[in-house]
Amino acid sequence: MAEKFVVPEGGSDSNSGDSIFAPLKTPPSATDDLVICLKRGTHYVRTSQWNWGTAARMTLKDYGDASAPNPRVTIVANSTNLINIQGDGTQTFRNIDFEDCVSNASGCVIGAGLVAATSRCAVIDVQQCAFRRTYRHAIRFGASSTSDASPEATISNNLFEDIGEDAIYGGALRMWVLHNTMRRLSQNTANGDGLGFISLDPVAVWFMFNDVDHSDVDSKHCVIFDTSTGAGQVFVGFNAFRGYGWARGESGENHTVVNADCQAFIFGNRMWTAGLGINVGGANSVVSGNRLWVSSYRATAPTVSVNADGVTIAHNAVQGPGATVSGKCLVSANTVTTLTARNNIFRKIDRAISLDGSGTTLTKSNNWFDDVTSPYLDYQASAIALDAADETGDLTDYLHGDLSLIIPDGTTWDTLSGVNPLAMAGYYMAGARLANGRPRPGYVPIGACAAMLAGTSRTA
């Protein structure tokens, strides 16, 4: 593995680049296993495509004084992939800030193109980087089908800010999108997502621990999985999502926060929405342990839309704008035959659960309705009776602002159920996920959060 050190402002192309004492001015041509080290605090500018071609296992990373800022890279070129990758092996990026990059209208900064040796798109690993003020996509996968998709990709701990279109466009068969911050998306087109996963069926995608803010443009999605056939699984967990319209006094008529057409496990997220928050289109999907704050409703869609059989909606907590504000929270489509809704909290909502299909069998129990006009409605908008294990009543004294349970100091296991009626009143569902763990028999809450009891004080 060869390392080449580059100082765009001060290096010389007559140097070898083999050490920090003889740095190049310009990165060398791509070759197999080449590691290009850009000095921290410098700015590399290109006016043509940076073509890595078929070079395998390339790395672009930083070096130098850790107190200096990341090296910046600006590329302005009439190209689709400003950094064009078609080499085998994992292509790695670490601690690089990509700023003010301009591609063509279909383009991106990092492009994972087709690798001739594998007939699949390139494998990329992008961590601790920043993408600011991109003309279109930040990262783009060139696959057009499952058969030529990248085998895997890791995109974690990055900042995406002022992105012209998508932060990440396309996808890989196995994909880890973790701990990223995405904000000010879709700035130059109406088609931008945080993750726009399209054109292929994944084996599994993990979209977790991200902070996605799409609140300033009423279009597209925070994250969408638009697969080829609806096959595969995706895991959307412990993210913070801000959809368009939140706290603006208007609804998001064109924006959806999370949209998945394959089996999806959507759990432990915090979501602020003013339109369609979650759209589930994969059979046997599970939506659990999420906390949703709803400021208004889309005229033509509910907050949560279920469009497949066997979906489970469990242990969620939804707080709306008030029972007098007309709108629907959870709706099953007219083609849905089975739906399960248990252990959920609905607060300040007009219509909590509505069935659009005459043939939908609803399994329900242990839901709590606080200031809700219509807890359950059938396809004719007629009331469905509450289950014997459902509850109604004011929860003001039992929920914090973050919809977790209020547990006073001094509460013990023996006094817990008397202190907060939500803490142990749920129906046990094996495998359900909460915002702060998993429920266990005898300790199952209604809502998204398990009760937290103070531990024994340490004496040493």
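Now for a look at the structure at hand. Sequence order as written defines residue numbering, which begins from 1 separately in each chain. Given that the model is predicted, a residue must reach a pLDDT of at least 70 before its local features are reported, and side-chain atom pairs must reach 80 or more before they are shown or counted; all residues, however, enter totals for whole chains, interfaces and linings. Each side-chain value is worked out from all heavy atoms of the structure, with water and hydrogens disregarded.

**Describing the overall build of the protein**
Within the protein, the regular secondary structure consists of 1 helix and 41 strands. Using C-alpha atoms as the atom set, the radius of gyration is obtained and then compared with a globule rule of 2.2 Å times the number of residues to the power 0.38. In terms of C-alpha radius of gyration, the protein reaches 25 Å, essentially the compact-globule figure of 23 Å for 460 residues. Overall, the C-alpha framework of the protein stretches about 80 × 60 × 40 Å when taken along its three principal axes. Going through the 460 residues of the protein one by one, you find that 57% of them count as buried. A sequence separation of at least 24 residues applies to 67% of the contacts in the protein between residues at least 6 apart. Working definition of accessibility: Shrake-Rupley area with a 1.4 Å probe, residue cover restricted to the visible protein chains. As displayed, the protein offers around 17600 Å² of accessible surface, 47% of which is attributable to carbon and sulfur atoms. Here a helix means four or more residues in a row that DSSP labels H or I, a strand means two or more in a row labelled E, and each is numbered from the N terminus. Under the scheme applied here, a residue whose accessible area is under 20% of the maximum for its type counts as buried, over 50% as exposed, and between as partly exposed, the area being computed with a 1.4 Å probe on protein chains only. Note on contacts: a residue pair is in contact if any heavy atoms of the two residues lie within 4.5 Å.

**Things to note about unusual backbone geometry**
Of note, Asn 157 is a non-glycine position whose phi angle comes to about 55 degrees, a positive value. For Asn 157, the position within the fold is in the loop between β16 (150-156) and β17 (159-163).

**Here we look at the pattern of salt bridges**
Definition used for salt bridges: Asp or Glu carboxyl oxygen within 4 Å of a side-chain nitrogen of Lys or Arg. What the rule picks out here adds up to 19 salt bridges. With its nearest N and O atoms 2.9 Å apart, the salt bridge here joins Glu 161 to Arg 183. Placement of Glu 161 in strand β17 and of Arg 183 in strand β20 (residues 181-183) is noted, with a sequence separation of 22 residues between them. Salt-bridge contacts for Arg 184 lead to Asp 216; the nearest nitrogen and oxygen are separated by 3.6 Å. Taken together, the residues Arg 184 in the loop between β20 and β21 (195-198) and Asp 216 in the loop between β23 (211-213) and β24 (221-226) connect sequence positions 32 residues apart. Among the residues examined, Asp 216 registers a relative accessible area of 27% and is labelled partly exposed. Within the structure, one salt-bridge network assembled from shared partners comprises Arg 72, Asp 97, Glu 99, Asp 100, Arg 132 and Arg 133.

**Things to note about a nonpolar patch on the surface**
A cluster of nonpolar side chains, namely Val 76, Val 102 and Tyr 135, defines an oily patch on the protein surface of about 200 Å² accessible area. Along the chain, Tyr 135 turns up in the loop between β14 (130-134) and β15 (137-141). Using a relative accessible area of 31% as the deciding quantity, one classes Tyr 135 as partly exposed. Within the patch definition used here, like charges are joined within 9 Å and nonpolar side chains (Val, Leu, Ile, Met, Phe, Trp, Tyr) within 5 Å, considering only residues with over 30% relative accessible area and no salt bridge.

**Observations concerning the pairing of strand β28 (residues 263-267)**
Counting buried positions over the 5 residues of β28 gives 5, a clear majority of the element. DSSP-based pairing: two strands are paired if at least 2 bridges between them are found. Pairing of strand β25 (residues 233-237) with β28, which is carried by 5 bridges, proceeds in the parallel orientation. Residue Val 234 lies in a different strand from β28, and its bridge partner there is Ala 264. Here β28 runs beside strand β31 (residues 286-288); their pairing, made up of 3 bridges, is parallel. Bridged to Phe 267 within β31 is Ser 288.

**Overview of the environment of Cys 129**
Relative to the assigned elements, Cys 129 resides in the loop between β13 (123-127) and β14. The exposure class assigned to Cys 129 is buried, which follows from its relative accessible area of 3%. When the C-alpha positions of Cys 129 and Ala 153 are compared, they lie 15 Å apart, and in sequence the two are 24 residues distant.

**Digging into the pairing of strand β27 (residues 252-260)**
By the criterion of burial, β27 is predominantly enclosed, with 7 of the 9 residues buried. As paired strands, β24 and β27 are joined by 4 bridges and run parallel to one another. Paired with Ile 224 across the two strands is Asn 259, which belongs to β27. The sheet contact formed by β27 and strand β30 (residues 275-280) spans 5 bridges and is parallel. Of the residues in β30, the one forming a bridge with Val 258 is Ile 278.

**A short note on the packing of aromatic side chains**
Here is the rule: rings of Phe, Tyr and Trp (six-membered ring for Trp) pair when centre to centre is within 6.5 Å. Planes less than 30 degrees apart are stacked, more than 60 are edge-to-face, and the remainder are tilted. Summed over the entire model, instances satisfying the criterion amount to 18 aromatic pairs. Ring centres of Trp 176 and Trp 206 lie 5.2 Å apart, and the angle between their planes is 5 degrees; on these two criteria the pair is classed as stacked. Here the residue Trp 176 occupies a position in strand β19 (residues 172-178), and Trp 206 occupies one in strand β22 (residues 204-208), the gap between them amounting to 30 residues. The class for Trp 176 is partly exposed, based on a relative accessible area of 26%. We classify Trp 206 as partly exposed; its relative accessible area is 25%. Between the aromatic rings of Trp 272 and Trp 293, the centroid separation amounts to 5.1 Å while the plane-to-plane angle is 10 degrees, which identifies the pairing as stacked. With Trp 272 in strand β29 (residues 270-273) and Trp 293 in strand β32 (residues 291-294), this pair connects stretches of sequence that are 21 residues apart. Trp 293 gets classed as buried once you look at its relative accessible area, which sits at 9%. Here a set of aromatic residues connected by ring pairs shows up, and it is made of Tyr 44, Trp 50, Trp 52, Phe 93, Phe 98, Phe 131 and Phe 160. Lysine NZ or arginine CZ positioned within 6 Å of the ring centre and within 35 degrees of the ring normal marks a charge as sitting over the ring. A cation sits over an aromatic face here: Lys 364 above Tyr 376, 4.8 Å from the ring centre.

**Some thoughts on the side chain of Arg 40**
With respect to the secondary-structure elements, Arg 40 resides in the loop between β2 (34-39) and β3 (43-46). A relative accessible area of 14% means that Arg 40 is categorised as buried. For this analysis, a polar contact is any N or O atom pair within 3.5 Å, provided that within protein one partner can donate a hydrogen and the other can accept it, and provided that sequence-adjacent residues contribute only side-chain to side-chain pairs. Of note is the side chain of Arg 40, whose polar atom sits 2.7 Å from the side chain of Asp 62. A polar side-chain atom of Arg 40 sits 2.8 Å from a polar atom in the side chain of Asn 70.

**Points about the nonpolar core**
The nonpolar core is taken to be a set of buried Ala, Val, Leu, Ile, Met, Phe, Trp, Tyr and Cys residues, with the residues joined through side-chain atoms within 4.5 Å. Counting residues in each nonpolar core, the largest one holds 94 residues, and the members touching the most others are Phe 98, Ile 110, Phe 131 and Met 175. Among the elements that take part in this core, strand β38 (residues 345-355) stands out by supplying 5 residues, more than any other. Residues contacting Ile 110, with those up to four places away along its chain left out, are Ile 83, Ile 85, Phe 93, Phe 98, Ile 124, Val 126, Phe 131, Ala 138, Ile 139 and Arg 140. The next biggest cluster of nonpolar side chains, apart from the first, holds 20 residues, and it includes Ile 345, Leu 403, Ala 435 and Tyr 443.

**Details of the environment of Ala 130**
Following the sequence through the fold, Ala 130 ends up in strand β14. For Ala 130, a relative accessible area of 4% puts it in the buried group. Residues Ala 130 and Trp 176, 46 residues apart in the sequence, show an inter-C-alpha distance of 17 Å.

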